[in-house]
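Analysis of the macromolecular model
Below are the chains, spelled out letter by letter.
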Amino acid sequence: EVEDACETVSVSEIASNLEFSICPNPIESNAIIEYNIPGYSAVTLQILDLQGRVVVSLLNKIPQQGKQKVTICGSGLPAGIYFCMLKTNKGIQTIKLIKI
């Protein structure tokens, strides 16, 4: 009964709707994070270390729907591997971010 009441959406469908990218990657100083929100949604954008701790919180708001750009200043990050995590009402997507 519960399963019948739930809308079935696969993880790959959720992830493909977000259109989330970082350019350039690896980064030396600044990079552009681009994402597309198909509808109105709360958006959280964070940089996490390998242990999953938030290193930088870039965004926590309800932006306009459509394509968005956020500039990240990587000069404050030590060289290493990080994860950039985008959370919306539709799901969560992460991209590996390398700082050189």
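Residues numbered from 1 in each chain as written. Predicted model: local features only at pLDDT ≥ 70, side-chain atom pairs only at ≥ 80, totals over all residues. Heavy atoms only, no water.

Examining the overall build of the protein
- A tally of helices and strands in the protein yields two helices and seven strands.
- When its helices and strands are written in sequence order, the protein yields α-α-β-β-β-β-β-β-β.
- Counting across all 100 residues of the protein, residues that qualify as buried make up 35%.
- For the protein, the share of sequence-separated contacts (at least 6 apart) that also reach a separation of at least 24 residues comes to 56%.
- By element, 52% of the accessible surface of the protein is carried by carbon and sulfur atoms, the whole surface being about 6400 Å². (Helix = DSSP H or I, 4+ residues; strand = E, 2+ residues; numbered from the N terminus. Buried < 20%, exposed > 50% of the residue type's maximum accessible area, 1.4 Å probe, protein only. Contact = heavy atoms within 4.5 Å. Areas by Shrake-Rupley, 256 points an atom, 1.4 Å probe, with all protein chains shown as cover.)

Considering the sheet that holds strand β5 (residues 66–73)
- One open sheet holds the three strands; their spatial order is β1-β2-β5, and the pairing between them is antiparallel. The open sheet has two edge strands, β1 (21–23) and β5, and neither has a second partner. Each strand of the sheet is rotated relative to its neighbour by a mean of 25°, with strand direction disregarded. (Pairing = 2+ DSSP bridges. Axes fitted to C-alpha atoms, helices over the stretch in contact; angles between N-to-C directions.)

A look at the nonpolar core
- In this structure, Phe20, Ile22, Ile33, Tyr35, Leu45, Cys84 and Leu97 are the most contacted members of the largest nonpolar core, which totals 19 residues.
- Those elements that provide at least two residues to this core are β2 (30–37), β3 (43–48), β5, β6 (80–88) and β7 (91–99).
- Not counting chain neighbours up to four residues away, the residues in contact with Ile22 comprise Ala31, Ile32, Ile33, Cys84, Ile95 and Leu97. (Core = buried A, V, L, I, M, F, W, Y, C linked by side-chain atoms within 4.5 Å.)

With respect to the pattern of salt bridges
- Within the structure shown, the criterion is met by two salt bridges.
- Across the salt bridge formed by Lys69 and Glu34, the nearest N and O atoms sit 3.5 Å from each other. Taken together, the positions of Lys69 in strand β5 and Glu34 in strand β2 put the pair 35 residues apart, joining distant regions of the chain.
- Residue Arg53 pairs with Asp49 through a salt bridge whose shortest N-O separation is 2.8 Å.
- Residue Asp49 is classed as buried on the basis of its relative accessible area, which comes to 13%. (Salt bridge = Lys/Arg side-chain N within 4 Å of Asp/Glu carboxyl O.)

As for the confidence of the model for the protein
- Looking at the protein, the pLDDT average stands at 84 and 82% of residues meet or exceed 70.
- Here helix α2 (residues 11–18) stands out as the least confident element of the protein, with mean pLDDT 50; β1 is the most confident, with 96.
- Note that pLDDT drops below 50 for residues 8–16; the model gives that stretch four contacts with residues more than four away or on any other chain. (pLDDT = per-residue confidence, 0-100.)

Considering the sheet that holds strand β4 (residues 54–61)
- With antiparallel pairing, the four strands of this open sheet are ordered in space as β4-β3-β6-β7. Because the sheet does not close on itself, it has two edges, and the strands there are β4 and β7. Sheet twist, expressed as the average angle between the axes of neighbouring strands with direction ignored, equals 15°.
- Where β3 meets β6, five bridges bridge the pair, whose relative direction is antiparallel. When the sheet's bridge partners are listed, Gln46 is paired in β6 with Met85.

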